[in-house]
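Structural characterization, general
What follows is each chain in one-letter form.
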Amino acid sequence: MYSPTQLSGPIEVERKFVPGPQFEDKLHRLGAKLQKELTFRDSYYDTSDCRLTLGDVWLRLREDSWELKYPPQRGTRGLNGASTQYLELSCETDIARRVSEELNIPCPCSLDLLELQEFASFVTKRRRFDIPPRNGSKHKVVVDLDTADFGFSVGEVEVLVETQEEVQSALKEVEGICKQLGVLSDSPVPGKMSTFLKINRADHYKQLLEAHVL
Ligand SMILES: Cc1ncc(C[n+]2csc(CCOP(=O)(O)OP(=O)(O)OP(=O)(O)O)c2C)c(N)n1
Ligand SMILES: [Mg+2]
(Lines give C-alpha, C1' and ligand atoms only; values in the text may rest on other atoms or scores of the structure.)
(Ligands and ions follow the chains in the order given, each with its own letter.)
Protein backbone atom coordinates (compact mmCIF):
# COMPACT_ATOMS: atom_id res chain seq x y z
CA MET A 1 0.00 0.00 0.00
CA TYR A 2 1.41 3.43 -0.92
CA SER A 3 0.74 6.02 1.78
CA PRO A 4 -1.44 9.04 0.96
CA THR A 5 0.54 12.21 0.36
CA GLN A 6 -0.87 15.66 1.01
CA LEU A 7 -0.30 17.55 -2.23
CA SER A 8 -1.31 21.16 -2.49
CA GLY A 9 -3.03 23.01 -5.27
CA PRO A 10 -6.00 25.30 -5.73
CA ILE A 11 -9.51 23.92 -5.14
CA GLU A 12 -11.89 24.70 -7.99
CA VAL A 13 -15.48 25.25 -6.86
CA GLU A 14 -17.76 25.22 -9.86
CA ARG A 15 -21.37 24.99 -10.98
CA LYS A 16 -22.34 24.20 -14.55
CA PHE A 17 -25.35 25.64 -16.35
CA VAL A 18 -27.10 25.61 -19.70
CA PRO A 19 -26.51 29.02 -21.34
CA GLY A 20 -29.72 29.95 -23.13
CA PRO A 21 -30.00 32.30 -26.11
CA GLN A 22 -28.72 35.85 -25.47
CA PHE A 23 -27.00 34.62 -22.31
CA GLU A 24 -24.09 37.04 -22.85
CA ASP A 25 -26.56 39.95 -22.51
CA LYS A 26 -27.28 38.75 -18.96
CA LEU A 27 -23.55 38.72 -18.22
CA HIS A 28 -23.17 42.26 -19.53
CA ARG A 29 -26.14 43.46 -17.41
CA LEU A 30 -24.29 42.08 -14.37
CA GLY A 31 -21.22 44.13 -15.35
CA ALA A 32 -19.21 41.10 -16.54
CA LYS A 33 -16.22 41.80 -18.78
CA LEU A 34 -14.76 39.46 -21.38
CA GLN A 35 -11.31 38.54 -19.99
CA LYS A 36 -10.08 36.24 -22.76
CA GLU A 37 -11.00 33.88 -25.57
CA LEU A 38 -9.06 30.65 -25.90
CA THR A 39 -9.10 27.37 -27.79
CA PHE A 40 -7.52 24.21 -26.36
CA ARG A 41 -7.47 20.46 -26.86
CA ASP A 42 -7.99 18.22 -23.83
CA SER A 43 -6.96 14.56 -24.01
CA TYR A 44 -7.97 12.45 -21.02
CA TYR A 45 -6.15 9.29 -19.87
CA ASP A 46 -7.00 6.28 -17.72
CA THR A 47 -6.10 2.62 -17.20
CA SER A 48 -7.84 0.12 -19.49
CA ASP A 49 -10.19 -0.75 -16.60
CA CYS A 50 -10.96 2.93 -15.86
CA ARG A 51 -9.52 2.88 -12.32
CA LEU A 52 -8.70 6.61 -12.26
CA THR A 53 -12.06 7.95 -13.37
CA LEU A 54 -13.98 5.37 -11.31
CA GLY A 55 -12.11 6.89 -8.35
CA ASP A 56 -13.15 10.39 -9.57
CA VAL A 57 -9.54 11.18 -10.58
CA TRP A 58 -9.26 13.03 -13.92
CA LEU A 59 -5.93 13.12 -15.74
CA ARG A 60 -5.61 15.19 -18.88
CA LEU A 61 -3.18 16.84 -21.24
CA ARG A 62 -4.44 20.33 -21.95
CA GLU A 63 -2.47 21.24 -25.07
CA ASP A 64 1.00 20.17 -23.80
CA SER A 65 0.55 20.52 -20.01
CA TRP A 66 -0.53 17.73 -17.67
CA GLU A 67 -3.37 18.52 -15.24
CA LEU A 68 -5.04 16.40 -12.57
CA LYS A 69 -8.36 16.97 -10.79
CA TYR A 70 -9.61 14.94 -7.83
CA PRO A 71 -11.80 15.46 -4.72
CA PRO A 72 -9.95 17.46 -2.06
CA GLN A 73 -11.13 15.17 0.76
CA ARG A 74 -10.36 11.45 0.87
CA GLY A 75 -13.30 9.12 0.43
CA THR A 76 -15.61 11.78 -1.00
CA ARG A 77 -16.78 12.64 -4.51
CA GLY A 78 -16.13 15.98 -6.17
CA LEU A 79 -19.81 16.34 -6.98
CA ASN A 80 -21.59 18.09 -4.09
CA GLY A 81 -25.28 18.74 -4.83
CA ALA A 82 -25.31 20.53 -8.18
CA SER A 83 -21.82 22.00 -7.66
CA THR A 84 -18.39 20.42 -7.79
CA GLN A 85 -15.17 20.84 -5.84
CA TYR A 86 -11.88 19.47 -7.17
CA LEU A 87 -8.28 19.95 -6.17
CA GLU A 88 -6.17 20.80 -9.22
CA LEU A 89 -2.53 19.81 -9.72
CA SER A 90 -0.41 21.10 -12.58
CA CYS A 91 3.11 20.03 -11.47
CA GLU A 92 3.96 16.80 -13.33
CA THR A 93 5.94 15.31 -10.40
CA ASP A 94 2.99 15.84 -8.03
CA ILE A 95 0.59 14.42 -10.63
CA ALA A 96 2.73 11.28 -11.05
CA ARG A 97 2.79 10.83 -7.24
CA ARG A 98 -0.99 11.18 -6.89
CA VAL A 99 -1.76 8.95 -9.90
CA SER A 100 0.61 6.20 -8.75
CA GLU A 101 -0.89 6.38 -5.27
CA GLU A 102 -4.38 6.00 -6.74
CA LEU A 103 -3.23 2.99 -8.76
CA ASN A 104 -1.19 1.62 -5.85
CA ILE A 105 1.99 1.29 -7.91
CA PRO A 106 5.51 2.73 -7.46
CA CYS A 107 5.85 6.34 -8.58
CA PRO A 108 7.27 6.56 -12.12
CA CYS A 109 9.77 9.31 -12.89
CA SER A 110 7.57 10.37 -15.79
CA LEU A 111 3.87 10.09 -16.51
CA ASP A 112 4.76 8.77 -19.97
CA LEU A 113 6.00 5.58 -18.29
CA LEU A 114 2.53 4.76 -16.99
CA GLU A 115 0.76 2.75 -19.62
CA LEU A 116 -2.39 4.78 -19.69
CA GLN A 117 -4.80 5.01 -22.59
CA GLU A 118 -6.48 8.05 -24.06
CA PHE A 119 -10.25 7.70 -23.65
CA ALA A 120 -11.46 11.14 -24.71
CA SER A 121 -10.08 14.01 -26.76
CA PHE A 122 -11.86 17.15 -27.88
CA VAL A 123 -11.27 20.82 -28.62
CA THR A 124 -12.99 23.55 -26.59
CA LYS A 125 -13.55 27.17 -27.56
CA ARG A 126 -13.88 29.19 -24.36
CA ARG A 127 -15.01 32.72 -23.64
CA ARG A 128 -14.04 33.70 -20.09
CA PHE A 129 -15.78 36.57 -18.28
CA ASP A 130 -14.78 38.32 -15.04
CA ILE A 131 -17.72 38.96 -12.71
CA PRO A 132 -17.50 42.16 -10.63
CA PRO A 133 -17.26 41.43 -6.85
CA ARG A 134 -20.57 41.51 -4.99
CA ASN A 135 -20.95 43.36 -1.67
CA GLY A 136 -19.01 41.57 1.08
CA SER A 137 -17.67 38.87 -1.24
CA LYS A 138 -14.09 37.73 -0.78
CA HIS A 139 -13.94 35.55 -3.90
CA LYS A 140 -13.03 36.27 -7.51
CA VAL A 141 -15.69 34.72 -9.74
CA VAL A 142 -15.31 33.86 -13.41
CA VAL A 143 -17.83 32.54 -15.90
CA ASP A 144 -16.68 30.32 -18.76
CA LEU A 145 -18.80 29.79 -21.85
CA ASP A 146 -17.51 26.67 -23.59
CA THR A 147 -18.33 25.11 -26.94
CA ALA A 148 -16.78 21.72 -27.68
CA ASP A 149 -16.01 20.45 -31.18
CA PHE A 150 -18.60 17.68 -30.90
CA GLY A 151 -21.36 20.31 -30.93
CA PHE A 152 -22.02 20.80 -27.23
CA SER A 153 -22.11 24.03 -25.19
CA VAL A 154 -22.03 24.52 -21.44
CA GLY A 155 -21.44 27.37 -19.00
CA GLU A 156 -19.54 27.25 -15.72
CA VAL A 157 -19.46 29.66 -12.77
CA GLU A 158 -16.14 29.15 -11.02
CA VAL A 159 -14.18 30.25 -7.95
CA LEU A 160 -10.65 29.10 -7.01
CA VAL A 161 -9.78 28.85 -3.32
CA GLU A 162 -6.61 27.85 -1.50
CA THR A 163 -8.02 25.96 1.51
CA GLN A 164 -10.86 23.58 2.38
CA GLU A 165 -12.13 26.14 4.93
CA GLU A 166 -12.98 28.53 2.10
CA VAL A 167 -15.03 25.99 0.12
CA GLN A 168 -18.38 26.62 1.85
CA SER A 169 -18.32 30.37 1.22
CA ALA A 170 -17.17 29.76 -2.37
CA LEU A 171 -20.10 27.37 -2.92
CA LYS A 172 -22.48 30.09 -1.63
CA GLU A 173 -20.88 32.71 -3.87
CA VAL A 174 -21.14 30.50 -6.96
CA GLU A 175 -24.78 29.71 -6.13
CA GLY A 176 -25.52 33.44 -5.66
CA ILE A 177 -24.06 34.32 -9.08
CA CYS A 178 -26.02 31.48 -10.75
CA LYS A 179 -29.19 32.85 -9.12
CA GLN A 180 -28.42 36.39 -10.37
CA LEU A 181 -27.85 35.02 -13.86
CA GLY A 182 -31.08 33.00 -13.72
CA VAL A 183 -29.28 29.67 -14.29
CA LEU A 184 -29.53 27.99 -10.88
CA SER A 185 -30.45 24.36 -11.51
CA ASP A 186 -31.26 22.01 -8.60
CA SER A 187 -29.61 19.03 -10.25
CA PRO A 188 -26.10 18.81 -11.76
CA VAL A 189 -25.86 19.99 -15.36
CA PRO A 190 -23.89 17.56 -17.58
CA GLY A 191 -20.51 18.84 -18.68
CA LYS A 192 -18.43 18.22 -21.79
CA MET A 193 -16.94 14.96 -20.50
CA SER A 194 -20.23 13.47 -19.40
CA THR A 195 -21.74 14.29 -22.79
CA PHE A 196 -18.69 13.07 -24.73
CA LEU A 197 -18.76 9.70 -22.94
CA LYS A 198 -22.52 9.31 -23.35
CA ILE A 199 -22.11 9.77 -27.12
CA ASN A 200 -18.81 7.95 -27.69
CA ARG A 201 -18.17 5.55 -24.80
CA ALA A 202 -21.47 4.27 -23.49
CA ASP A 203 -19.95 1.50 -21.36
CA HIS A 204 -17.49 3.81 -19.57
CA TYR A 205 -20.32 6.33 -19.07
CA LYS A 206 -22.57 3.64 -17.54
CA GLN A 207 -19.83 2.51 -15.14
CA LEU A 208 -19.29 6.11 -13.97
CA LEU A 209 -23.03 6.60 -13.40
CA GLU A 210 -23.20 3.35 -11.41
CA ALA A 211 -20.19 4.45 -9.32
CA HIS A 212 -21.95 7.83 -8.69
CA VAL A 213 -18.99 9.69 -10.19
CA LEU A 214 -21.16 11.44 -12.79
C1 LIG B 1 -21.27 18.42 -13.05
C2 LIG B 1 -20.02 17.60 -12.94
N3 LIG B 1 -18.88 18.06 -13.47
C4 LIG B 1 -17.74 17.32 -13.38
C5 LIG B 1 -17.74 16.10 -12.76
C6 LIG B 1 -16.51 15.23 -12.65
N7 LIG B 1 -15.66 15.40 -13.78
C8 LIG B 1 -16.01 14.88 -14.94
S9 LIG B 1 -14.92 15.24 -16.13
C10 LIG B 1 -13.95 16.11 -15.09
C11 LIG B 1 -12.71 16.79 -15.54
C12 LIG B 1 -13.11 17.96 -16.37
O13 LIG B 1 -13.67 18.93 -15.55
P14 LIG B 1 -14.69 20.01 -16.14
O15 LIG B 1 -14.72 21.18 -15.21
O16 LIG B 1 -15.98 19.34 -16.39
O17 LIG B 1 -14.03 20.39 -17.53
P18 LIG B 1 -13.39 21.78 -17.98
O19 LIG B 1 -14.38 22.86 -17.76
O20 LIG B 1 -12.93 21.61 -19.38
O21 LIG B 1 -12.17 21.97 -17.03
P22 LIG B 1 -11.67 23.32 -16.33
O23 LIG B 1 -11.16 24.23 -17.38
O24 LIG B 1 -12.84 23.89 -15.57
O25 LIG B 1 -10.56 22.87 -15.39
C26 LIG B 1 -14.49 16.12 -13.85
C27 LIG B 1 -13.86 16.82 -12.71
C28 LIG B 1 -18.96 15.67 -12.21
N29 LIG B 1 -19.06 14.50 -11.58
N30 LIG B 1 -20.08 16.42 -12.30
MG1 LIG C 1 -14.72 23.30 -15.53
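What counts, and at which threshold
Residues numbered from 1 in each chain as written. Chains lettered and ligands numbered in written order. Predicted model: local features only at pLDDT ≥ 70, side-chain atom pairs only at ≥ 80, totals over all residues. Heavy atoms only, no water. Buried < 20%, exposed > 50% of the residue type's maximum accessible area, 1.4 Å probe, protein only. Helix = DSSP H or I, 4+ residues; strand = E, 2+ residues; numbered from the N terminus. Pairing = 2+ DSSP bridges. Donors = N, O, S within 2.8 Å, 3.2 Å for Na, K, Ca; no water. Tetrahedral: all angles 85-135°; square planar, octahedral: opposite > 155°, others 65-115°. Arc of directions from axis to C-beta. Contact = heavy atoms within 4.5 Å.

**Focus on the pairing of strand β3 (residues 58–62)**
- Counted residue by residue, β3 has four buried out of five residues, so it is predominantly covered.
- The sheet contact formed by strand β2 (residues 33–46) and β3 spans four bridges and is antiparallel. Bridged to S43 within β3 is L61.
- The antiparallel hairpin formed by β3 and strand β4 (residues 65–70) contains two residues in its connecting segment, where E63 sits at a positive phi of about 55°.

**Quick notes on the coordination of the magnesium ion (ligand 2)**
- The magnesium ion (ligand 2) binds to the protein through E14 (OE), E156 (OE) and E156 (OE); the donor distances cover 2.3 to 2.7 Å.
- The coordination sphere of the magnesium ion (ligand 2) comprises six donor atoms, whose angles at the metal cover 51 to 164°; the geometry is irregular. Separated by 142 residues along the polypeptide, E14 in strand β1 (residues 11–17) and E156 in strand β9 (residues 152–161) bring together distant segments of the chain.
- Residue classification places E156 among the buried residues on the basis of a relative accessible area of 6%.

**Here we look at helix α6 (residues 202–210)**
- When we look at burial in α6, the residues that qualify are H204, Y205 and L208. All buried residues of α6 project into a common sector of 100° when viewed along the axis, lining one side. Across from the buried face of α6, at angles greater than 90 degrees, the exposed residues are A202, D203 and E210.
- The secondary structure elements touched by the buried residues of α6 are β2, α2 (51–54), β3, β7 (117–131) and α5 (192–200).
- H212, located one to two residues past α6, shows a positive phi value of around 60°.

That is the geometry; function is a separate question.
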